[in-house]
Protein chains: 2
Amino acid sequence: ERTSIPFVHNAKSHGKRGMTLEEDLNETNQYYLDRGKAVIHKKPTPVQIVNVDYPKRSAAVIKEAYFKQASTTDYNGVYKGFYVDFEAKETRNETSFPLKNFHPHQINHMDQVVTHQGLAFVIIRFSLTEEIFLLPFKQLKLYWDRMEQGGRKSITKDEIQSDGFALKLGLQPKIDYLKIVDHILPV
Amino acid sequence: ERTSIPFVHNAKSHGKRGMTLEEDLNETNQYYLDRGKAVIHKKPTPVQIVNVDYPKRSAAVIKEAYFKQASTTDYNGVYKGFYVDFEAKETRNETSFPLKNFHPHQINHMDQVVTHQGLAFVIIRFSLTEEIFLLPFKQLKLYWDRMEQGGRKSITKDEIQSDGFALKLGLQPKIDYLKIVDHILPV
Ligand SMILES: [Mg+2]
Ligand SMILES: [Mg+2]
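These figures come from a predicted structure and were not determined experimentally. (Residues numbered from 1 in each chain as written. Chains lettered and ligands numbered in written order. Predicted model: local features only at pLDDT ≥ 70, side-chain atom pairs only at ≥ 80, totals over all residues. Heavy atoms only, no water.)

> Quick question: what am I supposed to make of the pairing of strand β5 (residues 82-91) of chain B here?
Residues and elements named next belong to chain B. Counting buried positions along β5 yields eight of 10 residues, so the element is predominantly enclosed. Relative to β5, strand β4 (residues 75-79) is paired through five bridges, and the arrangement is antiparallel. Note that in β5 the partner of Tyr-75 across the bridge is Phe-86. Between β4 and β5, which follow one another and run antiparallel, lie two residues, and Lys-80 among them has a positive phi close to 50°. Pairing geometry for β5 and strand β7 (residues 119-126), over eight bridges, is parallel. Across the sheet, residue Glu-90 finds its bridge partner in β7, namely Arg-125. (Buried < 20%, exposed > 50% of the residue type's maximum accessible area, 1.4 Å probe, protein only. Helix = DSSP H or I, 4+ residues; strand = E, 2+ residues; numbered from the N terminus. Pairing = 2+ DSSP bridges.)

> Just to check I follow, could you spell out the nonpolar core for this structure?
When a protein is soluble and globular, its nonpolar side chains tend to lie buried together. Leu99(A), Phe102(A), Leu140(A), Leu99(B), Phe102(B) and Leu140(B) are the most contacted members of the largest nonpolar core, which has 46 residues in total. Within the residue set of this core, elements represented by two or more residues are α3 (104-115), β7 (119-126), β8 (131-136) and α4 (137-148) of chain A together with α3 (104-115), β7, β8 (131-136) and α4 (137-148) of chain B. Leaving out residues up to four positions away in the same chain, Leu140(A) has contacts with Leu99(A), Phe102(A), Ile107(A), Met110(A), Val122(A), Leu135(A) and Ile155(A). (Core = buried A, V, L, I, M, F, W, Y, C linked by side-chain atoms within 4.5 Å. Contact = heavy atoms within 4.5 Å.)

> Looking at this model, I keep getting lost on the coordination of the magnesium ion (ligand 2). Mind explaining?
Each pair of donors in an ideal four-coordinate tetrahedral metal site encloses 109.5 degrees, whereas pairs in an ideal six-coordinate octahedral site enclose 90 or 180 degrees. Residue and element names in this part refer to chain B. Binding of the magnesium ion (ligand 2) to the protein goes through Asp-74 (OD), Glu-87 (OE) and Ala-88 (O), at separations of 2.1 to 2.4 Å. Going along the chain, you hit the donors of the magnesium ion (ligand 2) in the pattern D-x12-E-A. Assigned by exposure class, Glu-87 and Ala-88 land together as buried. (Donors = N, O, S within 2.8 Å, 3.2 Å for Na, K, Ca; no water.)

> Before we go on, may I ask you to explain the confidence of the model for chain A in this structure?
Low-pLDDT portions of the prediction should not be read for the details of their coordinates. Considering every residue of chain A, the mean pLDDT works out to 91; 90% of them sit at 70 or more. Predicted complex metrics record ipTM = 0.89 and pTM = 0.89. (pLDDT = per-residue confidence, 0-100.)

> Mind showing me how you'd approach the relation of the copies chain A and chain B here?
Note that the two copies of the chain are related through a rotation about an axis and a translation along the same axis. For the match of chain A to chain B, the screw axis carries a shift of 0.0 Å, the RMSD comes to 0.0 Å, and the turn is 180°. Read as a symmetry element, the transformation amounts to a two-fold axis. Same-surface contact between copies: 100% of interface residues of chain A are shared with the interface of chain B. (Least-squares fit on C-alpha atoms with pLDDT ≥ 70 in both.)

> In this structure, what is going on with the coordination of the magnesium ion (ligand 1)? I would like to understand it.
Residue and element names in this part refer to chain A. Surrounding the magnesium ion (ligand 1) are the protein donor atoms Asp-74 (OD), Glu-87 (OE) and Ala-88 (O), which sit 2.1 to 2.4 Å from the metal. In primary-sequence terms, the residues that donate to the magnesium ion (ligand 1) follow D-x12-E-A. Of the two residues, Asp-74 sits in the loop between β3 (61-67) and β4 (75-79) while Ala-88 sits in strand β5 (residues 82-91), which places them 14 residues apart along the sequence.

> Would you take a moment to explain the environment of Glu27(B) for this structure?
Residue and element names in this part refer to chain B. Its location among the elements puts Glu-27 in helix α2 (residues 21-34). For Glu-27, a relative accessible area of 41% corresponds to the partly exposed category. Polar side-chain contacts of Glu-27 include one of 3.2 Å to the side chain of Lys-174. (Polar contact = N/O pair within 3.5 Å; in protein donor to acceptor, adjacent residues only side chain to side chain.)

> What's the story with the pairing of β7(B) in this structure? I'm lost.
On a regular strand, one side chain projects to one face of the sheet and the next to the other, so that they alternate. Residues and elements named next belong to chain B. With eight of eight residues buried, β7 is to be regarded as a mostly interior element. Of the two faces of β7, the one holding Leu-119, Phe-121, Ile-123 and Arg-125 and the one holding Ala-120, Val-122, Ile-124 and Phe-126 are both buried throughout. As judged from the six bridges shared by β7 and β8, these two strands associate in the antiparallel manner. Each residue of the ladder has a partner; that of Phe-121, found in β8, is Pro-136. The hairpin formed by β7 and β8 contains four residues between the paired strands, and Glu-130 there has a positive phi angle of roughly 60°.

> Would you take a moment to explain the sheet that holds strand β3 (residues 61-67) of chain B for this structure?
Neighbouring strands of a sheet are bound in pairs by backbone hydrogen bonds; such pairs are parallel or else antiparallel. Taken in spatial order, the four strands make up an open sheet running β2(A)-β3(A)-β3(B)-β2(B), and their pairing is antiparallel. Looking along the sheet, the strands with just one partner apiece sit at the ends: β2 (47-53) of chain A together with β2 (47-53) of chain B. Averaged over all pairs of adjacent strands, the angle between their axes in this sheet comes to 30°, without regard to strand direction. Sheet analysis places β2(A) next to β3(A), joined by six bridges and oriented antiparallel. Along β3(A), the bridge assignment pairs Asn51(A) with Glu64(A). (Axes fitted to C-alpha atoms, helices over the stretch in contact; angles between N-to-C directions.)

> Would you mind going over the packing of aromatic side chains with me for this structure?
The geometry of an aromatic ring pair is captured by the separation of the ring centres together with the interplanar angle, meaning the angle of the planes. All names here are of chain B. All chains considered together, the criterion is met by 17 aromatic pairs over all chains. Between the aromatic rings of Phe-126 and Phe-133, the centroid separation amounts to 6.1 Å while the plane-to-plane angle is 85°, which identifies the pairing as edge-to-face. Classification of Phe-126 as buried rests on a relative accessible area of 0%. With a relative accessible area of 3%, Phe-133 lands in the buried category. (Phe/Tyr/Trp six-rings, centres within 6.5 Å; stacked < 30°, edge-to-face > 60°.)

> So what exactly am I meant to see when it comes to the interface of chain A and chain B here?
Where interface size is quoted, it is often the accessible area lost as the parts come together. Residue-level contacts link 41 residues of chain A with 41 residues of chain B. Note on chain A versus chain B: buried area summed over both sides is about 3300 Å², and carbon and sulfur give 69% of it. The largest contributions to the chain A side of the interface with chain B come from Ile62(A), Tyr83(A) and His116(A), which together make up 18% of the buried area. Our enumeration of links across chain A and chain B arrives at zero salt bridges. Residue assignment for the side of chain A that touches chain B shows that the elements contributing at least two residues are β1 (39-42), β2, β3, β4 and α3 of chain A. Here the side of chain A that touches chain B takes seven residues from β3(A), the largest share from any one element. Among the residues forming the side of chain A that touches chain B, the class breakdown is 21 nonpolar, 15 polar and five charged. Bridge count for β3(A) against β3(B) is four bridges, and the pairing is antiparallel. Considered in β3(B), the bridge of Ile62(A) is made with Ala65(B). (Buried area = accessible area lost by both parts, 1.4 Å probe. Salt bridge = Lys/Arg side-chain N within 4 Å of Asp/Glu carboxyl O. Nonpolar A, V, L, I, M, F, W, Y, C, P; charged D, E, K, R; others polar.)

Written as structure tokens, this is what we have:
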């Protein structure tokens, strides 16, 4: 399934207003990896490669390719023996998070992860106010189901604040989400 | 880090001599997913995107991109609450598997996975004889270390046969590696 939505951030367009959520999370994961806290990586952007050029004495050049719809989430890995899986999303909305930011594939994937006793959650950033929240998938699923049953197509920030966990932006690590994960680990 | 080694299989070149190991494993993982046995996916091929064209009314076209060295392995996911991580490799050698098929990054990654109580292993296919083996990372590491200490740069098939587990090619699923994983799960 090809998609017209490119998942690649343009470094220039974000440069002036600070790092993207993805960049902050990548730095955080590198920090966790370096300190031996967890092994969590961003998955590569899925691309359908159509045409590749093999010039002599230099690297192969992909000449034609298309962005594909991801069938899973952005990040996964292992923490304290637990399988961890999450999706990161930013919005410029101020009072709610539109659920159309999630693809049904991703919801389905996180649902399967939880069924297999993995940990699934989303990290949501309200970019205008720089607020970041971790929302466990179980809660997200309730709002997704509400939408499917004809209810509102977004989660209000109030709902996220009460069902999720606020994440403060730090220096090292940037977004210490494992501190929250410790609270939601099964006992 | 750009690499000149394209990870993309040419469908035509493999068509006549059957499916590649990767195709068989992808089918197997789809089978596991459909039956609710496990959630294990192949990671997309990592690509460094340099230039994208956005034609009106149609999908964005990647016009210039390069293959990047993967920092992890091919496959990961969750099975019975365990984090599962593995790399798949084929060789046309008949009596041994050359260790140069693994990138040091991958060995390092699997080492970290095991440290964090994940399950790591490799699936090796001798393509000329269609023999497939699962070799737990712990064993692979011993042979990797032997090489680093000046020993042989490959694992003999005898060694793989005695340290690993043979996998028979089936119909549904194609390569039932979780049957072996059940034996190596920590208790
Ligand atoms: Mg995302
Ligand atoms: Mg491979």
